[in-house]
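# Observations on the three-dimensional arrangement
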Amino acid sequence: LISPRLECLPFERYTDGSKWRFLEHKGPVFAPPYEPLPDKVRFYYDGKPMKLSAPAEEVATFFAKMLDHEYTTKDIFRKNFYKDWRKEMTSEEKSKITDLNKCNFSDMNEYFKAQSEARKQMSKEEKLKIKEENERLLQEYGFCIMDNHKERIGNFRIEPPGLFRGRGDHPKMGMLKRRIRPEDIIINCSKDSKHPKPPPGTKWKEVRHDNKVTWLASWTENIQGSIKYIMLNPSSRIKGEKDWQKYETARRLKKCVDRIRAQYRDDWKSKEMRIRQRAVALYFIDKLALRAGNEKEEGETADTVGCCSLRVEHIKLYPKLDDQEYVVEFDFLGKDSIRYYNKIPVEKRVFKNLQLFLENKQPEDDLFDRLNTSILNKHLQELMDGLTAKVFRTYNASITLQQQLKELSCSDDSIPAKVLSYNRANRAVAILCNHQRAPPKTFEKSMQNLQTKIDEKQNQLSAARKQLKAAKADHKASHDDKSKKIEEQLMKLQVQATDREENKQIALGTSKLNYLDPRISVAWCKKWAVPIEKIYNKTQREKFAWAIDMAEKDYEF
DNA sequence: TGCACGACTTGCATGCAACCCA
DNA sequence: TGGGTTGCATGCAAGTCGTGCA
């Protein structure tokens, strides 16, 4: 698909900004219609059973299904849910149901639990039937034709209705996400294709033929009023080329990053406040891999920030802390309300600038009051074609992986030890980018299990060695292989334990999928004779097929 | 210049299937 | 063979950034 000769020349397939010439697909798959509850499943109001109208019942089931979740105990969630639920009630229901606290959904909740239990208990044949039906749906709706290629669609199913769950302290949690109908859907395909048919008796909102965009269908979601799209899978040509381009931009930054760094250091001394702010912000983005930090509409989303939107309350300055000078302490909620906490020593000039920016400000004031992402990105664009704040994250992530791999890899290591080194390099990047996860619920237990296995293996090994000694006395060497094999197994387990422990609160997936130039990994695998399957699973290999084709063992980011 | 909007990327959590072991 | 574990796919929320308009 992509010729290796073009390695350094990621191309625009079309010069007029169009993304395709031909696009044909079957349209989306809608959520199954609501099935009313059997009469025996009761909803109680104020202790008395009450039959709900279908629309009110459906929304009630969304709440009932979540009863075990912490969300349903939160005031905002309950308030938002109740308000939207009432809109679905008949006037009679509205006048009867006046207090959510008097609503009892537990019978419904138990019914759903029993249902999911029953699903687990289904016979093999029944499960197979469902699997086949899913496969049929995938074959029919899961692919499209784009410019002579059959491509996998990323999300061909429309999101079902339900209760909105934001992340962090979201002011809209609990609101009703309404059901999407064909009348809400805009279809995008080429004129000369076979247009998708809406379900019998329905119509699409619109059918358009816009080849300047990559999406196949879209609808407007009712919580934030934003548009949702049906797009292609990461393995598709259109996503792959874009991904490749992204890494090529980061590689161009590598060539001029020294110049840019010298420039912003110089700008720390500027007469103009806005230039100093821009330079300090850029320093943070570069050094700490912070996100750009767009402004957000207050009250519409959780209160999170990035670099440009940092507030006074998010940093603390310590002229001296322990044995270090000029320390900045960051403490704020970033994307997805993940906490960013870091104490780092900075250069004196940066520190003095920060003190200046803080003068006469309240905790809730912007740290960089003369800066926003658009100003910053305009500046970056002047420094390098295609440069934006997020390119620094990609660049620093990829260059860190490359450096770490160089440092950690050792030719004498076994394959598992090499893979551990890879994971550690990956981990360094995840830490830099603050990619965290909640420790798995079963973490402690699974660590214990692993330790038990290690102990057993150790016992096995010493037994085998004893046996070997005895055998040697008998001039039989055949047991040597055996202890060697056990040693290998033991080592593998120990490596696994180390890896898991170090990974307790770190999520590697995001950096691997979005920030690390896959050609670095492919080259490393070739250089150290590690099978690519050890690094990338099947889906990842499909996504990075372009890189697997392209990179040789001497590839340099 | 500021803002709203649209398109696309990034991100964590969840749920399920495959796997493993007793 | 069942029950727990693990790895992976999926879901969908929440970012970034460019554009067009007043």
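Basis of the calculations
Within each chain, residues carry numbers counting from 1 in the order of the written sequence. Labels are handed out in written order, letters beginning with A for the chains and numbers beginning with 1 for the ligands. It should be noted that, the model being predicted, local features are given only for residues of pLDDT at least 70 and side-chain atom pairs only at 80 or more, the latter also being counted only at that level, while totals for whole chains, interfaces and linings use all residues. The side-chain numbers reported here are obtained from all heavy atoms of the structure, hydrogens and water having been left aside. The definition of a nonpolar core used throughout is a set of buried Ala, Val, Leu, Ile, Met, Phe, Trp, Tyr and Cys residues joined through side-chain atoms within 4.5 Å. The cut-offs for exposure are 20% and 50% of the maximum accessible area for each residue type, with area from a 1.4 Å probe on protein chains only; residues under the lower value are buried, those over the upper are exposed, and the others partly exposed. Residue contacts are defined here by distance: any two heavy atoms, one from each residue, within 4.5 Å place the two residues in contact. Pairing of aromatic side chains here covers Phe, Tyr and the six-membered ring of Trp, requires ring centres within 6.5 Å, and sorts the geometry by plane angle: under 30 degrees stacked, over 60 edge-to-face, intermediate tilted. The helix count covers DSSP runs of H or I at least four residues long, the strand count covers runs of E at least two residues long, and both are numbered beginning at the N terminus. We call a residue near a molecule or strand as soon as one heavy atom of that residue lies within 4 Å of the molecule or strand. A 3.5 Å cut-off defines polar contacts: any pair of N or O atoms within that distance qualifies, except that in protein one atom must be a possible hydrogen donor and the other a possible acceptor, and neighbouring residues in sequence count only when both atoms are side-chain atoms. Angular values range over 0 to 180 degrees, each being the angle between N-to-C directions of two axes fitted as lines to C-alpha atoms, with helices fitted over their stretch in contact. We call two directions roughly parallel when the angle between them is under 35 degrees, roughly antiparallel when it is over 145, roughly perpendicular when it lies between 65 and 115, and oblique otherwise. Note that Gly is not counted as nonpolar here; it falls among the polar residues with everything else outside the nonpolar set of Ala, Val, Leu, Ile, Met, Phe, Trp, Tyr, Cys and Pro and the charged set of Asp, Glu, Lys and Arg. Sulfur atoms of two cysteines make up a disulfide when they are within 2.5 Å. UniProt positions are given in the numbering used here, feature names are shortened, and annotations may be inferred rather than shown by experiment. Should DSSP find at least two bridges between two strands, the strands are taken to pair.

Grouped burial of nonpolar side chains is what soluble globular proteins tend to show. One finds Leu 253, Ile 260, Phe 284, Leu 290, Phe 330, Leu 354 and Phe 368 to be the most contacted residues of the largest nonpolar core, which totals 75 residues. Not counting residues up to four positions away in its chain, the partners in contact with Phe 368 are Gln 277, Val 280, Ala 281, Phe 284, Cys 307, Cys 308, Leu 310 and Phe 357. Counting 29 residues, the second-largest nonpolar core is a separate cluster that includes Tyr 45, Ala 60, Tyr 82 and Met 108.

So, about the packing of aromatic side chains. As enumerated under the stated definition, the model contains 27 aromatic pairs in all. Consider the rings of Phe 43 and Phe 105, whose centres lie 5.4 Å apart with planes at 45°: the pair is tilted. In this pair, Phe 43 is assigned in strand S2 (residues 43–45) and Phe 105 in the loop between strand S4 (103–104) and helix H4 (106–120), connecting sequence segments 62 residues apart. For the pair Tyr 247 and Trp 546, a centre-to-centre distance of 6.5 Å together with 25° between the ring planes defines the contact as stacked. Pair noted here: Tyr 247 is in helix H6 (residues 237–267) and Trp 546 is in helix H17 (residues 545–550), with a separation of 299 residues, a long-range link. An identical accessibility class is assigned to Tyr 247 and Trp 546; each is buried.

A few words on the protein's contact with DNA strand C. Around DNA strand C there are 31 residues in total, and Arg 167, Lys 228, Gly 293, Lys 445 and Thr 539 lie nearest to it. The protein-proximal atoms of DNA strand C, defined as those within 4 Å of the protein, are 90% sugar or phosphate. Taking Lys 228, its side chain carries an N or O atom lying 2.6 Å from a phosphate oxygen of DNA strand C. Contacts to DNA strand C include Asn 377, whose side-chain N or O atom sits 3.1 Å from a phosphate oxygen.

The next subject is the packing of helix H7 (residues 273–288) against helix H9 (residues 373–383). Close contact between H7 and H9 brings their axes to 11 Å; oriented N to C, the two are set at 80°. When the axes of H7 and H9 are compared, the pair comes out roughly perpendicular. Along its contact with H7, which presents Arg 278, Leu 282 and Ile 285, the element H9 presents Leu 376, His 379 and Leu 380. Within the contact of H7 with H9, the residues separate by chemical class into four nonpolar, one polar and one charged.

This part covers the state of the cysteines. Joining two cysteines, a disulfide is a covalent bond between their sulfur atoms. Per the counting criterion, the structure on display carries zero disulfides. Between Cys 307, a cysteine without a disulfide, and Cys 308, which holds the nearest cysteine sulfur, the sulfur-to-sulfur distance is 5.2 Å. Residue classification places Cys 307 among the buried residues on the basis of a relative accessible area of 0%. The closest cysteine sulfur to the non-disulfide-bonded Cys 410 is located on Cys 525, 17 Å from its own sulfur. Judged by relative accessible area, which is 30%, Cys 410 ranks as partly exposed.

What follows covers the protein's contact with DNA strand B. Around DNA strand B lies a shell of 27 residues, among which Tyr 229, Lys 239, Lys 335, Arg 393 and Tyr 515 are the nearest. The sugar-phosphate portion of DNA strand B accounts for 84% of its atoms within 4 Å of the protein, the bases making up the rest. One of the side-chain nitrogen or oxygen atoms of Lys 19 is found 3.1 Å away from a phosphate oxygen of DNA strand B. Looking at the surface near DNA strand B, the elements that each hand over two or more residues are strand S12 (227–230), H6, helix H10 (389–408) and helix H14 (509–514). Here the surface near DNA strand B takes three residues from H6, the largest share from any one element. When the residues that make up the surface near DNA strand B are grouped by side-chain class, the tally is eight nonpolar, seven polar and twelve charged.

According to UniProt, the "active site" (unreviewed entry) feature falls on Tyr 515. Structurally, the position occupied by Tyr 515 is in the loop between H14 and helix H15 (518–527).

Strands sit in the order S13-S14-S15 across an open sheet of three strands; the sheet is antiparallel. At either margin of the open sheet sits one strand with a lone partner, and together these are strand S13 (315–321) and strand S15 (339–345). Between one strand axis and the next, the sheet turns by 15° as a mean value, whatever way the strands run. Pairing of S13 with strand S14 (residues 324–333) involves six bridges; the strand directions are antiparallel. For Ile 315, the partnering residue across the bridge sits in S14 and is Phe 330. On the sheet, H7 packs against S14 and S15 and is oriented at approximately 100° with respect to S15. Across the face of the sheet, helix H8 (residues 348–358) comes into contact with S13 and S14 while running at roughly 135° to S13.

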